[in-house]
2 protein chains.
Amino acid sequence: MESDQPLRRKRTDEIVDAIKRTIVEHGLQPGDRLPQERELIEQFAASKGTIREALKALEVQGLIRTRTGPGGGAFIERMSEQRAMSLLSNFLFAKEISIADIYALRKVLEPLTAVSAMANIEEAGYRRLADIIAIYDHEPADAQERWDQRMAELDFHSVVAEYADNALLAFTCRFLQRLLKEQAVCRDIYRQPRPVLRQRGIAYQRELIAAMRRGDADAVHTIMSDHMAYAEQAMLDLQAELQGDFLHDPVARGQGEVRRRATIG
Amino acid sequence: MESDQPLRRKRTDEIVDAIKRTIVEHGLQPGDRLPQERELIEQFAASKGTIREALKALEVQGLIRTRTGPGGGAFIERMSEQRAMSLLSNFLFAKEISIADIYALRKVLEPLTAVSAMANIEEAGYRRLADIIAIYDHEPADAQERWDQRMAELDFHSVVAEYADNALLAFTCRFLQRLLKEQAVCRDIYRQPRPVLRQRGIAYQRELIAAMRRGDADAVHTIMSDHMAYAEQAMLDLQAELQGDFLHDPVARGQGEVRRRATIG
DNA sequence: AGATATTTGTTCGTATGTATT
DNA sequence: TAATACATACGAACAAATATC
């Protein structure tokens, strides 16, 4: 029988919630300071250890940050995108996300992001994109460079997302890119040589930039859709090749299983 | 001057990372137990308080859960979807997400989810959907029931997402639904009476179920797209009405500002 | 049902590290 | 350099929860 919820909440959790409430009620903004440990100890009639556990919980949630020294204490903090993605990764860690799953979202979201970003990119943004393309504009000399090129290809889309107005959309796209970077299946694929795909991807991205420069939203949407469809197919093909190898190489196959899960945020 | 990264990492964080590594390396699965506090104290040569802070950090990240008593200790845990959404909400808390932002994603993702769910729903699923529609199949008697109906309308889509194969897609859709439930702007809107929208929404959902039953993927996609576009427009219209009110009522306007941010997960 | 043993949860006192003045 | 104010870490003891007998 599954045990039901504990009726008596832990003291630490009560304090965490109480502090969260005061943050909201007082409308505390990043940089504002919470009462110091000593005051919190008095306020909640709790010991130092309990208060510290509560503050640790808030810190992990990206809500505060503590500093030592005079004038130090716990300060309100904006959660970084990186931390948000790490926490979300911990959730999807056990969920067996496939390449097709990721691209199902990318295929519809990246085009929206590109269109949304188009109006805001300006010349400096185009230069940034050109600089990134330059990273994979040539055959890689070694495995390391090949890997860096794959990562840079994803960074291209990350930069585009930076200019999108819709923060929710941009975050989702960037998270999908991160998933591709960290999923073990993808890591294996990215290690494989694939010169044709590289050149084709660049062609798409150059077309995309041209369409953006002339403000052609329809073209931007279409090009990015095609780009994503092509990228997905290429990934799936390479995955099929890899799995074909595994069928004839039990050792590598076993490693593939073990390495499916990469890291915890 | 911005202080650079602390060269000396905190003891607690080192221990957190060390434990995470052992979880990954040993391939620990939900239900497996970590060493007890006493052993961890020995293993890391740290004090009880430090170990407890580290365990608290892991607990907040949804990676473990602790139990008292004989045979108790820290057990590996799968992060619940609810916790993942709470943590993600903390990140988007400060990001000023608009209704249009949310619907930009819903318009393209909900149709995909519905199509993906179609093949798995079966008769029991259709009954669940019918039961939910029954909640808002009539005029609400009071404000409370009106509110419950708005929530149930979102639950309809949540149930559909349950049957989708793509866990990433389903999670995203359900998170968007949660955003609509918790965003203060939306809460104000949902409180407004809107009989026409209610009936129109039901019509879409009934058509959707019919299309799903006959396995017509194209129709499912189209109907859901139209449904979302209609829902967005209705929300935006109601929002415009509300803001019109605010223009003539500085007090309510101020409240709207204050209440924009609802809660912290 | 009640006693007991085991393990986390909490408290207190103290000492150390770190940043500001 | 020294004094100060704050977080960080340690250790021993006690309280509360819970599985087992």
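In this text, all values refer to a predicted model and were calculated from it rather than measured experimentally.

Enquirer: I tried to follow the overall build of chain A on my own but got confused; where do I start?
Expert: When you go through chain A residue by residue, the secondary structure sums to 12 helices and two strands. Mapped from its N terminus to its C terminus, chain A presents α and β elements in the order α-α-α-β-β-α-α-α-α-α-α-α-α-α. Counting only residues that meet the buried cut, chain A has 35% of its 265 residues in that class. Long-range pairs, those at least 24 residues apart, make up 69% of the contacts in chain A with a sequence separation of at least 6.

Enquirer: I keep staring at the nonpolar core and nothing clicks. Help me out?
Expert: Soluble globular proteins: nonpolar side chains tend toward being buried together. With 97 residues, the main nonpolar core has Leu169 of chain A together with Ile102 and Leu169 of chain B as its most contacted residues. Residues within four places of isoleucine 102 of chain B in sequence aside, it is in contact with Leu168 of chain A together with Ile97, Leu176, Leu179 and Leu180 of chain B. Ranked by size, the runner-up nonpolar core spans 28 residues in total, among them Leu55, Ala57, Leu63 and Ala74 of chain A.

Enquirer: How should the pairing of strand E1 (residues 64–67) of chain B be read in this particular structure?
Expert: Side-chain direction in a regular strand flips from residue to residue, so the side chains alternate between the two faces of the sheet. All names here are of chain B. Examined bridge by bridge, E1 and strand E2 (residues 73–76) share four bridges and lie antiparallel to one another. Looking across to E2, one finds that arginine 67 is bridged to glycine 73. In this structure, the hairpin formed by E1 and E2 is closed by a connection of five residues, where glycine 69 is found at a positive phi of approximately 85 degrees.

Enquirer: Looking at this structure, I do not really get the protein's contact with DNA strand C. What am I missing?
Expert: In the neighbourhood of DNA strand C, 26 residues make up the surrounding shell, with Arg11, Gly49, Thr50 and Gly69 of chain A together with Gln36 of chain B lying closest. Of all the secondary structure elements, the ones that give two or more residues to the surface near DNA strand C are helix H1 (11–25) and helix H3 (48–60) of chain A together with helix H2 (37–44) and helix H3 (48–60) of chain B. In the surface near DNA strand C, the residues fall into four nonpolar, 14 polar and eight charged.

Enquirer: I tried to follow the protein's contact with DNA strand D on my own but got confused; where do I start?
Expert: If you check the shell around DNA strand D, you find 26 residues, and the closest are Glu37 of chain A together with Arg11, Ser47, Thr50 and Gly69 of chain B. Those elements that provide at least two residues to the surface near DNA strand D are helix H2 (37–44), H3 and strand E2 (73–76) of chain A together with helix H1 (11–25) and H3 of chain B. Residue classes in the surface near DNA strand D are distributed as five nonpolar, 14 polar and seven charged.

Enquirer: So what exactly am I meant to see when it comes to the interface of chain B and chain A here?
Expert: Accessible area lost during the coming together of the parts is what is often quoted as the interface size. Across the boundary between the two partners, chain B contributes 38 residues, which contact 37 residues of chain A. The set of elements that each furnish at least two residues to the side of chain B that touches chain A consists of H1, H3, helix H4 (81–92), helix H5 (99–118) and helix H8 (167–182) of chain B. When residues of the side of chain B that touches chain A are assigned to their parent elements, the largest contribution, seven residues, is made by H5 of chain B. Its residues assigned to classes, the side of chain B that touches chain A shows 23 nonpolar, seven polar and eight charged.

Enquirer: Where do I start with the packing of helix H8 (residues 167–182) of chain A against H5 of chain B in this structure?
Expert: Packed helix pairs are specified by the crossing angle of their axes together with the interaxial distance, meaning the distance between the axes. Their axes nearest at 8 Å, the elements H8 of chain A and H5 of chain B cross at an angle of 45 degrees. Of the possible angle classes, the one that applies to H8 of chain A and H5 of chain B is oblique. Here Ala167, Leu168, Leu169 and Thr172 of chain A of H8 of chain A lie close against H5 of chain B, whose contacting residues are Asp101, Ile102, Ala104 and Leu105 of chain B. Residues that form the contact of H8 of chain A with H5 of chain B fall into these classes: six nonpolar, one polar and one charged.

Enquirer: Before we go on, may I ask you to explain the relation of the copies chain B and chain A in this structure?
Expert: Think of it as a corkscrew move, a rotation about one axis and a shift along it, taking one chain copy to the other. Note on the copies: chain B fits chain A at an RMSD of 0.1 Å, the axial shift is 0.0 Å, and the rotation between them is 180 degrees. In short, the pair behaves as if placed about a two-fold rotation axis.

Enquirer: I tried to follow the environment of serine 116 of chain B on my own but got confused; where do I start?
Expert: All names here are of chain B. You can see serine 116 is positioned in helix H5. Distance from serine 116 to alanine 170, taken between C-alpha atoms, is 9.4 Å for residues 54 residues apart in sequence. In this view, serine 116 contacts Ala164, Asp165, Asn166 and Leu169; residues no more than four positions away in its chain are not counted.

Enquirer: Explain the confidence of the model for chain A to me, please; I cannot follow it from the model alone.
Expert: Predicted coordinates in regions of low pLDDT should not be interpreted in detail. All names here are of chain A. Looking at chain A as a whole, the pLDDT averages 89, with 89% of positions reaching at least 70. Per-element confidence in chain A ranges from a low mean pLDDT of 46 for helix H12 (residues 250–258) to a high of 98 for helix H5 (residues 99–118). Contacts of residues 1–7 to residues separated by more than four positions or lying in other chains number zero contacts, the stretch itself having pLDDT below 50. Contacts from residues 253–261, a stretch scored under 50 in pLDDT, to residues over four places away or in other chains number eight contacts.

What counts, and at which threshold
- Residues numbered from 1 in each chain as written.
- Chains lettered and ligands numbered in written order.
- Predicted model: local features only at pLDDT ≥ 70, side-chain atom pairs only at ≥ 80, totals over all residues.
- Helix = DSSP H or I, 4+ residues; strand = E, 2+ residues; numbered from the N terminus.
- Buried ≥ 20, exposed ≤ 12 C-beta atoms within 10 Å, placed from the backbone.
- Contact = placed C-beta atoms within 7 Å.
- Core = buried A, V, L, I, M, F, W, Y, C linked by C-beta atoms within 7 Å.
- Pairing = 2+ DSSP bridges.
- Near = placed C-beta within 6 Å.
- Nonpolar A, V, L, I, M, F, W, Y, C, P; charged D, E, K, R; others polar.
- Axes fitted to C-alpha atoms, helices over the stretch in contact; angles between N-to-C directions.
- Parallel < 35°, antiparallel > 145°, perpendicular 65-115°, else oblique.
- Least-squares fit on C-alpha atoms with pLDDT ≥ 70 in both.
- pLDDT = per-residue confidence, 0-100.

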